[in-house]
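Below, each chain spelled out in residue letters.
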Amino acid sequence: MQLNVNTAADAARNSAFAPKTLAQLGRGESGVLDHLDLPDDIARRLMELGFLPGQEIVPARSAPGGGPRVYRVDGSEVALRRETASRLILRSISKGDNRKT
Amino acid sequence: MSDCHDCGNCAVVAGPLPAGRSSARSHVVAIIGPPNSGKSTLFNRLTGLRQKVANFPGVTVEQRVGRARTRGVREVILVDLPGVYSLNPRSEDEQVTRDVLAGEMPGIPKPDAVLLILDCTNLGRHLVLAAPILALKLPTLVILNMADDLASRGGKVDTAELAMQLGAPVALISAAKGQGVEKVFQFMEGTAGGTASLSAPKVELPVLQDIPKCRQWAQQVGYGAAYRAPAPPLWTRRLDAIFLHPVAGIAIFAVVVAAVFQTIFSLAKPIMDGLQALIETSGHWIEGALPDSVIRSLLVDGVWHGVGSVIVFLPQILLLFLFIGILEDSGYLARAALIADRSMAKFGLQGKSFIPLLSAYACAVPAIMATRTIESKRDRLATILIAPLMTCSARLPVYTLIIAAFIPQHPLLGPLLGTQAGALLGLYVLGFAAAIVTAKVLKSSVLKSERTPFVLEMPPYRMPTLRSLGIRLYDRSKIFLHRAGTVILTVAIVLWVLLHLPLHNGKAPEIGQSFAGMIGHAAEPVIKPLGFNWKIGIGLISSLAAREVIVGTLGTIYSVEGTEDSAGLRHALQNELSPGGAVALLIFFAFAMQCMSTVAVVRRETGGWKWPAIQFVYMTFLAYVCALATNEVVGSGVLKVIARL
């Protein structure tokens, strides 16, 4: 797992209001993934499903009662629990460097 | 196998290959693709073999083998594999795929060619799998499935250019509609004849372990092939807005469940009554056509009533499978797993356990095999151990019989739910409750583990096809009738013999004096506290083979006794059981593990006798204690109060 320390640190310093993890994004907002703060095997599975650094992710509906949320990523929809989404760290600037697919 | 060269259009084999004999000459082709890309639909198209398909990632958990309907000298053996995103396995079903490809799966020869099937509505991501597959250097056809979806949503791809980029032939098809499938046959006939080969890919393959590099490679290839991704599936988003709505979503979930149970009862009833009448009329007809003899008694009382009383339940079981089929194929089931995840997490499980548990409503055996998609070993074991507590379809005949005999029909929630359907729903809830409480106990003691993340790809909603639903029902009928023709038939014959021996002065004894009666009487002291008499005891013992056998057994017993009339078993049971005993019998069947197939599959999946033994003892104990308590409570007059309401 590649961990971009600078970007993560910058994000924490510069944007007190900007969402830092995927779990903090509201429905319809979008963010660009920076890195996955998860054990290697789970991170690999998520990357296979499209959660790659640099990828744009848009949260969609969540299950009623605060269950897992559906995320639109790389052309498909994948459901994640909040606890997992909170380990997906976003880039500080979500506009501009989106790698369109 | 050697004598069917010229009729390659009809031959189909099920189950594992007869190893050795065919591997020398036959051409083995593996079907590989990401989950939910349509491998099994294509497999059905190519073989005609009835393989279970659903709109849910991870339906195929074991390799399936079938003979392709190709025209050629060599026979082509197709292997359908569980879906994978890569060749780095994380769960048991992905391990199966890796092993078969590496030629390490016993009984399956190493594949000679590969059909790589990708969902072309999401080609960018699905192409990632092409890298490790092409690196195997086997003749490969890249199949772009769901061509109809791609076109209708405004996407496109240049297949000729894609073939150049990949260095492998490409076919754009719709497996569900059968469009373009002839190209797949041509490819297989070509590789079987030794003509196809791979050319060098235009874009060099990436380092396989590096997922971002692989994704970039796929991006580049897709770009080269002028791939335009289709518009997002608008209908799926609209439907999700309803089905995942905070209020409407939950309400729909509840209505769907209630409606399924109500329909199983009300819709199936006239069909079942008709079937019942048919079996009885034909029984009388056979009785009239044959001279009075031991053979006639065996045929009519033993076989006809024994097997017939179980076959009556076929329409009901098919209706249940039809509903589960619609839920699976439409894509709603994945949303149901999503809705259920939060609740499942409270009991130490996860949404993925919900899928096997839901299919356990049909049958515990495929459910236990479906647990292979669960990555965590402990979560998987917990799911295996609780799956048989879910109300499988074999319990349905027992439940229906007793409910119809003992629960008066009243409307409960207007026309939506009656008392009988309500009682059935209650039994389903009871089984579910027992399962999740057991899971909680297991997961907070012997199977304690870290919470594993829930990751589930949401398939788009699709209209279930009549073809796919038809295949399911056909499959189910075959399995059910096969059981009726083997297990239940055997038990019926053995039982008839036990009921007619030992002979007294050359004549069959009274039931009480027969061998079966003796066995029942011997069991009576143990089951009397539950409110069961010795006749029910015979039924319970025979149902150790399979639950629904008890219905056949009771059918045979009352037929031999001569109490069988048009109202049949129901009236006989009303005389035989107290209300307390009847409810206790329902509870006993809700919990007891009377199914040899389940014991066998748990032994195979857990690799030993330890867990099935623990499971059997636990469930029997639970069944006994709860039935005992029920008989005590209901026997003290609670039911009379309810009946008055």
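Throughout, a residue's number is its position along its own chain's written sequence, starting from 1. Whichever chain is written first becomes A and whichever ligand is written first becomes 1, with later ones labelled in order. Only residues with pLDDT of at least 70 get local features here, since the model is predicted, and only at 80 or more are side-chain atom pairs given and counted; chain-wide, interface and lining totals rely on the full set of residues.

Quick notes on the overall build of chain B
Tallying secondary structure elements over chain B gives 27 helices and seven strands in all. Any residue whose C-beta has 12 or fewer other C-beta atoms within 10 Å is treated as exposed, any with 20 or more as buried, and any in between as partly exposed, C-beta atoms being built from the backbone. Looking at chain B as a whole, 49% of its 645 residues are labelled buried. Each residue gets a C-beta atom placed from its backbone, and two residues are in contact if those atoms lie within 7 Å. Across chain B, the fraction of contacts at a sequence separation of at least 24, relative to all contacts at a separation of at least 6, is 73%. Runs of H or I in DSSP of at least four residues are treated as helices and runs of E of at least two as strands, each being numbered from the N terminus.

Considerations on the overall build of chain A
Of regular secondary structure, chain A possesses three helices and five strands. Counting helices and strands in the order they occur from the N terminus, chain A gives α-β-α-β-β-β-α-β. Split into buried and exposed, the 101 residues of chain A put 41% on the buried side. Considering only intrachain contacts with a sequence separation of at least 6, the fraction spanning at least 24 residues in chain A is 62%.

Description of the confidence of the model for chain A
Residues and elements named next belong to chain A. Per-residue confidence from the prediction method is given by pLDDT, with values spanning 0 to 100. In the predicted model, chain A carries a mean pLDDT of 78, and 73% of its residues have values of at least 70. Segment residues 1–5 is flagged for pLDDT under 50; beyond a separation of four residues in sequence, or across chains, it makes seven contacts in the model. Confidence drops under pLDDT 50 across residues 94–101; counting only partners more than four residues distant or on other chains, this segment forms twelve contacts.

Description of the interface of chain A and chain B
Across the boundary between the two partners, chain A contributes 29 residues, which contact 30 residues of chain B. Where the side of chain A that touches chain B is concerned, the elements lending two or more residues are α2 (40–48) and β4 (76–80) of chain A. With seven residues, the single largest contributor to the side of chain A that touches chain B is α2 of chain A. Polarity classes work like this: nonpolar for Ala, Val, Leu, Ile, Met, Phe, Trp, Tyr, Cys and Pro, charged for Asp, Glu, Lys and Arg, and polar for all others, with Gly in that last group. Across the side of chain A that touches chain B, the residue classes tally to 13 nonpolar, eight polar and eight charged.

Description of unusual backbone geometry
Residues and elements named next belong to chain B. Phi at lysine 137 is positive, roughly 65°, even though this residue is not glycine. The residue lysine 137 is located in the loop between α4 (130–134) and β5 (140–145) in this model. Of note in the backbone geometry, methionine 146 takes a positive phi value of approximately 65° without being a glycine.

Considerations on the nonpolar core
Nonpolar side chains in soluble globular proteins tend to be buried together. Residue and element names in this part refer to chain B. By size, the foremost hydrophobic cluster in this structure holds 199 residues, and its most contacted members are Leu116, Ile143 and Leu144. With ten residues, the top contributor of residues to this core is helix α25 (residues 579–591). Not counting residues within four places of it along the chain, the set of residues in contact with leucine 144 comprises Leu118, Cys120, Leu123, Val157, Thr159, Val170, Ala171, Leu172 and Ile173. One nonpolar core equals one set of buried Ala, Val, Leu, Ile, Met, Phe, Trp, Tyr and Cys residues connected by C-beta atoms within 7 Å.

A few points about the environment of arginine 237 of chain B
Along the chain, arginine 237 of chain B turns up in helix α9 (residues 234–243). The class for arginine 237 of chain B is partly exposed, based on 16 C-beta atoms found within 10 Å.

Remarks on the packing of helix α19 (residues 419–443) of chain B against α25 of chain B
Residue and element names in this part refer to chain B. The interhelical angle for the contact between α19 and α25, taken along N-to-C directions, is 45°, at an axis separation of 10 Å. If you check the angle between α19 and α25, you find them oblique. Where α19 crosses over α25, the two elements pack in a sense that is right-handed. Here α19 contributes Leu427, Leu430, Gly431 and Ala434 to the contact with α25, which in turn contributes Leu586, Ala590 and Phe591. Along the lines of polarity and charge, the residues of the contact of α19 with α25 split into six nonpolar, one polar and no charged. Lines fitted to C-alpha atoms define the axes, with helix axes restricted to the stretch in contact, and inter-axis angles between N-to-C directions lie between 0 and 180 degrees. An angle below 35 degrees is treated as roughly parallel, one above 145 as roughly antiparallel, one from 65 to 115 as roughly perpendicular, and anything else as oblique. Working rule for handedness: look at the near helix, and if it is turned counterclockwise from the far one by less than a right angle, call the crossing left-handed; if clockwise, right-handed.

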